[in-house]
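Fold and contact review
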Amino acid sequence: MINKTFKRTVLIVDDDEINREILVSILSSNYNVIAKSNGKEALDILDKHPGNISLILLDLQMPVMDGYEFLEIATKNEKFNSIPIIVETAELKDEEKALLAGASDYVTKPYSPTVILSRVKALIRLSESASALKESRLDPETGLYSRSYFGYLYKKTMDALYENEFDFILFRIRDVDSLTSIYGEDGFAKEAEFIGQLLLDLKDRNNLYCRVSPTMFSVLKPHNKENSIELINKINKLLQTNPPFNKINYDFAFECKVDHEISFSVLVNRMLAALKTLGDNVDKNVVEFEPEMLEADSKKAFITSIMEESLKNNDFLVYYQPKHDTSSEELKGFEALVRWKNPTAGIISPGDFIPIFEANGFITKLDLYMLEKVLQDLNKIKELGLKQYPVSINLSRRDLATVNINAQILPLFKKYKVNKSLIHFEITESMCGSSQDVISAAKTIKNAGFAIEIDDFGSGYSSLGIIDTIPMDYLKLDITFARNIEAKKVVVRTVIELAHALKVKTVAEGVESKEQLKIYKDFGCDLIQGYYFSKPMCYEEYVDYLRKNEK
Ligand code: C2E
Ligand code: CA
Ligand code: CA
C-alpha cells in the first residue's frame with residue numbers, strides 16, 4: 001500500500017552550494033531533504049539507509065565522482081537500484097546520455113519550482129506503484145506466489161513451454177472449520193509462515209510454489225509421477241516436523257501431465273473435486289485426480305437439487321429383503337432398503353446417494369420417510385389379512401445425533417397404531433466406535449422399546465468390545481464374511497459364540513450360496529439374509545412373498 005500521509009525523503013547530490021540551497025528550498029515544504037556535495041557521500045548514505053530514500057536528484061558535473069559514474073554504480077546496486085533518479089542538466093546532449101545510463105528523468109537549469117515538484121511527485125508515485133506490484137506477486141505471510149500472480153505465471157508457463165509436461169500438487173488443511181474455532185481467523189498465519197518456509201527451503205528451482213488461499217498451497221513442477229509422489233510424502237512429513245501447532249492434518253491432490261489448455265482456476269477446481277473424494281477418511285490423505293471426479297461433483301449437485309422434490313413426489317421407494325431362520329429356513333422378518341425411482345435416471349442405488357445425504361443432512365428426512373412408509377405398508381399387509389413380520393429400518397449416524405425419538409418417531413407409532421415390536425433399527429458398528437453419543441443414542445432407542453441390530457459388523461475396524469458396550473439384540477455379520485467364509489471360519493465362529501454368550505442373536509448378510517448357508521448353519525448363526533433367499537423386493541413382490549410364505 002502507498003502511504004499518502006507519510007513524508008518522503010529526497011536525496012540531492014550537487015557540488016554547487018547555491019544549487020543545493022535552491023533545490024532544498026523548493027522541496028523542503030513537501031519532502032525531507034538530504035543534500036550531499038558529491039557522489040561518494042551520497043553512496044554512503046544510500047548504502048546505510050537505502051529504504052529511507054524515495055528519490056535522488058543528481059547533478060551530472062561534480063568533482064570526486066561525477067554523475068555518470070554515480071549512475072553506473074547506483075543502477076547496478078540491488079539495494080537501491082529501484083530508487084528513481086532525476087538528473088540536473090544544462091545541455092540537451094547530457095539528457096540523452098543520462099537517460100541511457102539509467103536516470104529516470106531530467107530537469108534543466110535554471111530550475112522551475114513547479115516543474116521540479118511535479119516531476120518528483122510523479123516519479124515517486126510511479127516507483128511506489130511498481131514496487132507495490134512487485135510485492136503483490138508474493139503472499140506477504142509466506143513469501144510464496146500469490147494466487148493472482150501465480151495464475152498469470154501459470155498461463156505464461158503453459159503457453160510458452162508447450163512441449164514440456166508438468167505435474168501439479170495442491171494441499172490444504174483438513175478440518176479448517178474446527179481449527180478456525182480453536183485458533184481463530186488469524187491463527188493460521190503462523191502455520192502459513194511455517195509452510196512457506198518449508199516449501200522455500202526445499203530449494204528446488206524447477207518448482208513454483210503458490211499460496212492458493214489462506215489454507216491451500218500448491219506446487220507446479222516438471223512431470224515425473226514418482227518424483228511428485230515422493231515430494232508429496234516429503235512435504236507431508238515435514239509438515240509434521242516441529243509445526244507451530246500440533247495435530248494439523250493435510251490432504252493432498254495431484255494431477256500428472258496437466259492439460260496446457262486449462263486455466264489455473266479450472267485446475268484448482270479439479271483438485272478440489274479430487275480432495276472431496278477423501279471425505280473424512282483417516283487412512284488416506286493423498287489422491288490423484290481422475291476426470292470422473294468432476295462427474296461425481298456434478299452428479300452430487302444434480303442429486304442435491306432434486307432430492308426435496310423427489311421426496312414430495314414419492315420417488316423414494318421401500319424395497320424389502322427377507323431374513324430367514326438358518327436351520328428351519330422359515331421367514332422371520334425383513335430389512336427395508338431404499339431405492340430412488342428417478343424419472344430421468346431410472347432406479348438409483350443407495351450407494352450413489354446415501355453418502356451425499358449423510359453429508360448434507362437430508363438422510364434424516366429420508367429415514368423418517370422410510371419409517372412412515374414401512375408403517376403404512378404394515379397396515380396394508382394387515383388389511384390384506386397377511387401376517388406382519390418385523391421390518392428393520394436403517395439409521396445413519398447423522399440420525400442418531402439429530403432425531404428426537406419422542407417427538408419424531410413415537411408419534412408415528414400412535415398415528416399408524418403399529419406395535420413397536422414390529423420395527424427394529426439397524427445402526428452400523430463402524431459409527432459406534434467407542435463414541436459415548438452413539439452408545440447413549442442406542443440406549444434411548446432400546447429404552448423406547450425397539451430392538452437394535454448392529455449392521456455391517458466386521459466391515460471396518462471391528463472390535464469385539466462393542467458387543468458388550470452397546471445394547472443390542474442382533475449382530476449382523478458383514479457381507480465380507482460371507483464372501484471369504486472359508487478363510488474367515490475361525491473368526492466367524494468365535495463372533496457367533498461370543499454373541500450368543502451375551503444373548504445377542506446373529507444375522508449373516510449377503511448369503512448367496514448353499515455352501516455359505518451350510519457353514520453359517522454349522523456355526524449356529526440365527527438368521528440369514530441374502531440373494532440365496534431373495535433380492536430386495538418392491539411392495540408388490542413383498543406382498544407376493546408374504547402370501548407364498550403363508551402356506
Ligand atoms: P446394508 O444396510 O448393509 O444393506 C445390505 C446391502 O446388501 C443392500 O444393498 C442389499 O441389496 C445388499 N445385499 C443383500 N443381499 C445381498 C447378497 O446376497 N449379495 C450382494 N452382493 N448384496 C446383497 P443396497 O440396498 O444397495 O444398500 C446399500 C446400503 O445403503 C445399505 O447397506 C445401507 O447402509 C444403505 N441404505 C439402504 N437403504 C437405506 C435407508 O433407508 N437408510 C439408510 N440410512 N441407509 C440405507
Ligand atoms: Ca442395513
Ligand atoms: Ca449391512
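Residues numbered from 1 in each chain as written. Chains lettered and ligands numbered in written order. Predicted model: local features only at pLDDT ≥ 70, side-chain atom pairs only at ≥ 80, totals over all residues. Heavy atoms only, no water.

What to know about the coordination of the calcium ion (ligand 3)
At this site the calcium ion (ligand 3) is bound by Asp455 (OD), Asp456 (OD), Glu509 (OE) and Glu509 (OE), with donor distances of 2.0 to 2.7 Å. On the primary sequence, the residues serving as donors to the calcium ion (ligand 3) are separated as D-D-x52-E. The two metals, the calcium ion (ligand 3) and the calcium ion (ligand 2), are separated by 3.9 Å and share Asp455 as a common coordinating residue. Of the two residues, Asp456 sits in strand E17 (residues 451–457) while Glu509 sits in the loop between strand E19 (505–508) and helix H20 (514–522), which places them 53 residues apart along the sequence. You can call Glu509 buried: its relative accessible area is 11%. (Donors = N, O, S within 2.8 Å, 3.2 Å for Na, K, Ca; no water. Helix = DSSP H or I, 4+ residues; strand = E, 2+ residues; numbered from the N terminus. Buried < 20%, exposed > 50% of the residue type's maximum accessible area, 1.4 Å probe, protein only.)

Details of the packing of helix H13 (residues 362–383) against helix H15 (residues 405–416)
Their axes nearest at 10 Å, the elements H13 and H15 cross at an angle of 20 degrees. Comparing their axes, H15 and H13 come out roughly parallel. Note that H13 runs across H15; the crossing there is right-handed. Contacts between H13 and H15 involve Leu368, Leu371, Glu372, Leu375, Gln376 and Asn379 on the former and, on the latter, Gln408, Ile409, Leu412, Phe413, Lys415 and Tyr416. By residue class, the composition of the contact of H13 with H15 is seven nonpolar, three polar and two charged. (Axes fitted to C-alpha atoms, helices over the stretch in contact; angles between N-to-C directions. Parallel < 35°, antiparallel > 145°, perpendicular 65-115°, else oblique. Left-handed = near helix turned anticlockwise from the far one by under 90°. Contact = heavy atoms within 4.5 Å. Nonpolar A, V, L, I, M, F, W, Y, C, P; charged D, E, K, R; others polar.)

Observations concerning the site of ligand 1
The environment of ligand 1 is formed by 23 residues, the closest being Gln321, Arg339, Asp367, Glu512 and Tyr531. Interatomic distance of 2.6 Å between a side-chain N/O atom of Asp367 and a nitrogen atom of ligand 1. Take Tyr531: an N or O atom from its main chain is 2.8 Å from an oxygen atom of ligand 1. Calculation on ligand 1 without its partners gives an accessible area of 800 Å², and the protein chains cover 81% of this total. Within the residue set of the shell around ligand 1, elements represented by two or more residues are strand E13 (331–342), helix H12 (350–360), H13, E17 and helix H18 (479–483). If you tally residues by element for the shell around ligand 1, the top one is E13, at four residues. Partitioning the shell around ligand 1 into residue classes produces ten nonpolar, five polar and eight charged. (Near = heavy atom within 4 Å. Polar contact = N/O pair within 3.5 Å; in protein donor to acceptor, adjacent residues only side chain to side chain. Areas by Shrake-Rupley, 256 points an atom, 1.4 Å probe, with all protein chains shown as cover.)

Quick look at the environment of Asn342
Among the structural elements, Asn342 can be located in strand E13. Classification of Asn342 by relative accessible area gives buried; the value is 5%. For Asn342, the residues in contact, after removing those within four places along its chain, are Phe302, Ile306 and Ile348.

Focus on H12
For H12, the full list of buried residues reads Pro350, Phe353, Ile356 and Phe357. Projection of H12 onto a plane perpendicular to its axis shows the buried side chains occupying an angular sector of 150 degrees, all on one side. Relative to its buried face, H12 has exposed residues pointing more than 90 degrees away, namely Gly351 and Ala359. Buried residues along H12 sit against helix H11 (292–312), strand E12 (316–325), E13, strand E14 (346–348) and H13. (Arc of directions from axis to C-beta.)

Examining the sheet that holds strand E10 (residues 250–255)
Taken together, six strands build an open sheet; the order of strands is E6-E8-E9-E7-E10-E11 and the sheet is mixed. At either margin of the open sheet sits one strand with a lone partner, and together these are strand E6 (145–146) and strand E11 (286–288). Across three bridges, the pairing between E10 and E11 is parallel. Following the sheet pairing, Ala253 is matched in E11 by Val287. Together, strand E7 (166–173), strand E8 (208–213), strand E9 (216–222) and E10 form the strand contacts of helix H8 (residues 188–200), whose direction differs from that of E7 by roughly 155 degrees. Packing against the sheet, helix H9 (residues 225–239) makes contact with E7, E9, E10 and E11, and its axis sits at approximately 165 degrees to E10. (Pairing = 2+ DSSP bridges.)

Some words on the side chain of Thr428
Residue position: Thr428 is located in strand E16 (residues 423–428). Contact partners of Thr428, with chain neighbours within four places excluded, come to Asp455 and Asp456.

Thoughts on the pairing of strand E1 (residues 9–13)
Burial runs high along E1: five of the five residues are buried. Side chains Thr9, Leu11 and Val13 of E1 all project onto a buried face; the interleaved residues Val10 and Ile12 project onto the opposite face, where all are buried too. Judged from the five bridges that link them, E1 and strand E3 (residues 53–59) form a sheet pairing that is parallel. Counted as the bridge partner of Val13 is Leu58 from E3. Across five bridges, the pairing between E1 and strand E2 (residues 32–36) is parallel.

Quick look at unusual backbone geometry
Despite not being glycine, Glu329 has its phi angle at roughly 65 degrees, a positive value. Relative to the helices and strands, Glu329 is located in the loop between E12 and E13. Accessibility expressed as a relative area gives 33% for Glu329, which makes it partly exposed. For Lys503, which is not glycine, the phi torsion reads 60 degrees and is therefore positive.

With respect to a nonpolar patch on the surface
A contiguous nonpolar patch, built from Leu464, Leu498 and Leu502 and spanning about 220 Å² of accessible area, is present on the exposed surface. By relative accessible area, Leu498 is classed as partly exposed at 30%. (Patch = residues over 30% accessible without salt bridge, like charges linked within 9 Å, V, L, I, M, F, W, Y side chains within 5 Å. Salt bridge = Lys/Arg side-chain N within 4 Å of Asp/Glu carboxyl O.)

Side note on the pairing of E10
Most of E10 is tucked away: six of the six residues are buried. Neither face of E10 is open: one carries Tyr250, Phe252 and Phe254, the other Asp251, Ala253 and Glu255, and all of them are buried. Regarding topology, helix H10 (residues 264–276) serves as the crossover connection from E10 to the parallel E11, and that connection is left-handed. (Right-handed = clockwise from strand over helix to strand, strands pointing away.)

Remarks on the sheet that holds strand E4 (residues 85–89)
With respect to topology, five strands assemble into an open sheet ordered E2-E1-E3-E4-E5, the strand pairing being parallel. Bordering the open sheet on either side are E2 and strand E5 (105–108), each of which pairs with just one other strand. Direction aside, the axes of adjacent strands within the sheet are offset by 20 degrees on average. The pairing of E3 with E4 spans four bridges and is parallel. Paired with Leu57 across the strands is Ile86, a residue of E4. Packing of helix H2 (residues 39–48) onto the sheet brings it into contact with E1, E2 and E3, and relative to E1 it is tilted by some 155 degrees.

So, the environment of Arg205
Mapped onto the fold, Arg205 is located in the loop between H8 and E8. On a C-alpha basis, the gap between Arg205 and Glu21 in space is 51 Å, while along the polypeptide they are 184 residues apart.

Any functional reading would require information beyond the geometric quantities listed.
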